[in-house]
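These are the residues of each chain, in order.
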Amino acid sequence: MRFLIVLFVAVFIFGCASSPVRYTYEEIKDYPPEIQERITKGEISLGMTKEQVRYAWGPPSSTRVLTPEKGKQREEWVYSSSLGILKSRLIFVNGKLAYIISNEQKIVNEE
């Protein structure tokens, strides 16, 4: 019985640690080299598009369309752990990453 518990815990830990393939080379090859590098490292930065962020971090836990502000479309993406703990909140304005509120993940805050 003890062996089964240890096995279950090990599978859970290693299963959560692996990251699925989020993109192919063909999908990111036309981006500037610095964006390609950030995506391959799993990093994001201000100014990235929603597609680029999705390639870097994968799909968000939840999304929400926010009220437009000064005629600009806004959308919120939330990334949280499997336990529902907030890790990062991203705000896109007109399709570009404009705000990052985070306590985790790989982030490059350069434009």
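Please refer to the structure placed before this passage.
Here is a short report on the structure shown in this document. (Residues numbered from 1 in each chain as written. Predicted model: local features only at pLDDT ≥ 70, side-chain atom pairs only at ≥ 80, totals over all residues. Heavy atoms only, no water.)

### Section: the overall build of the chain
Scanning the chain from terminus to terminus reveals four helices and six strands. Listing the helices and strands of the chain from first to last along the sequence gives α-α-α-β-α-β-β-β-β-β. The buried share of the chain, taken over its 111 residues, is 29%. A separation of at least 24 residues holds for 35% of the contacts in the chain among residues at least 6 apart in sequence. Summing over all exposed atoms, the chain offers an accessible surface of approximately 7,800 Å²; the carbon and sulfur share of this is 57%. (Helix = DSSP H or I, 4+ residues; strand = E, 2+ residues; numbered from the N terminus. Buried < 20%, exposed > 50% of the residue type's maximum accessible area, 1.4 Å probe, protein only. Contact = heavy atoms within 4.5 Å. Areas by Shrake-Rupley, 256 points an atom, 1.4 Å probe, with all protein chains shown as cover.)

### Looking at the nonpolar core
Judged by nonpolar contacts, the single largest core of 16 residues is most densely connected at I39, I44, V53 and L90. Taken together, the elements giving at least two residues each to this core come down to α3 (33-41), α4 (50-57), β3 (72-80) and β4 (86-93). Broken down by element, the residue count for this core peaks at four residues, all from α4. The contact partners of I39, leaving out residues within four places of it in the chain, are R22, Y23, I28, Y31, M48, Q52, Y55 and A56. (Core = buried A, V, L, I, M, F, W, Y, C linked by side-chain atoms within 4.5 Å.)

### Some thoughts on the pattern of salt bridges
Per the stated rule, a full pass over the model turns up six salt bridges. For K29, the salt bridge identified is with E26, shortest N-O distance 3.1 Å. Assessed through its relative accessible area of 53%, E26 is described here as exposed. In this structure, the salt-bridge partner of E75 is K50, at a minimum N-O distance of 2.8 Å. Residue E75 is located in strand β3, and its partner K50 is located in helix α4; the two are separated by 25 residues in the primary sequence. With relative accessibility at 29%, the residue K50 sits in the partly exposed group. Among the charged side chains, a salt-bridge network with shared partners connects R64, E76 and R89. (Salt bridge = Lys/Arg side-chain N within 4 Å of Asp/Glu carboxyl O.)

### A few points about α3
Every α-helix winds through 3.6 residues per turn, so residues three or four apart in the chain are directed the same way. Of the positions making up α3, those classed as buried are I35, Q36, R38 and I39. In a view along the axis of α3, the buried residues occupy a sector of 165 degrees, so they form one face of it. The elements touched by buried residues of α3 are α2 (25-28), β1 (43-44) and α4. G42 sits one or two residues past α3 and shows a positive phi near 75 degrees. (Arc of directions from axis to C-beta.)

### Points about the packing of aromatic side chains
Taken as a whole and assessed by the stated rule, the structure comprises four aromatic pairs. The interplanar angle of 90 degrees and the centroid separation of 5.0 Å between the aromatic rings of W57 and Y79 together place this pair among those described as edge-to-face. In this pair, W57 is assigned in helix α4 and Y79 in strand β3, connecting sequence segments 22 residues apart. Residues W57 and Y79 agree in their burial class; the two are buried. For the pair W77 and F92, a centre-to-centre distance of 4.8 Å together with 55 degrees between the ring planes defines the contact as tilted. Residue W77 is found in strand β3, and its partner F92 is found in strand β4; the two are separated by 15 residues along the sequence. Across the pair, F92 and W77 agree in class, each one buried. Aromatic ring contacts, followed pair by pair, group Y23, Y31 and Y55 into a single cluster. (Phe/Tyr/Trp six-rings, centres within 6.5 Å; stacked < 30°, edge-to-face > 60°.)

Keep in mind these numbers describe shape, not what the thing actually does.
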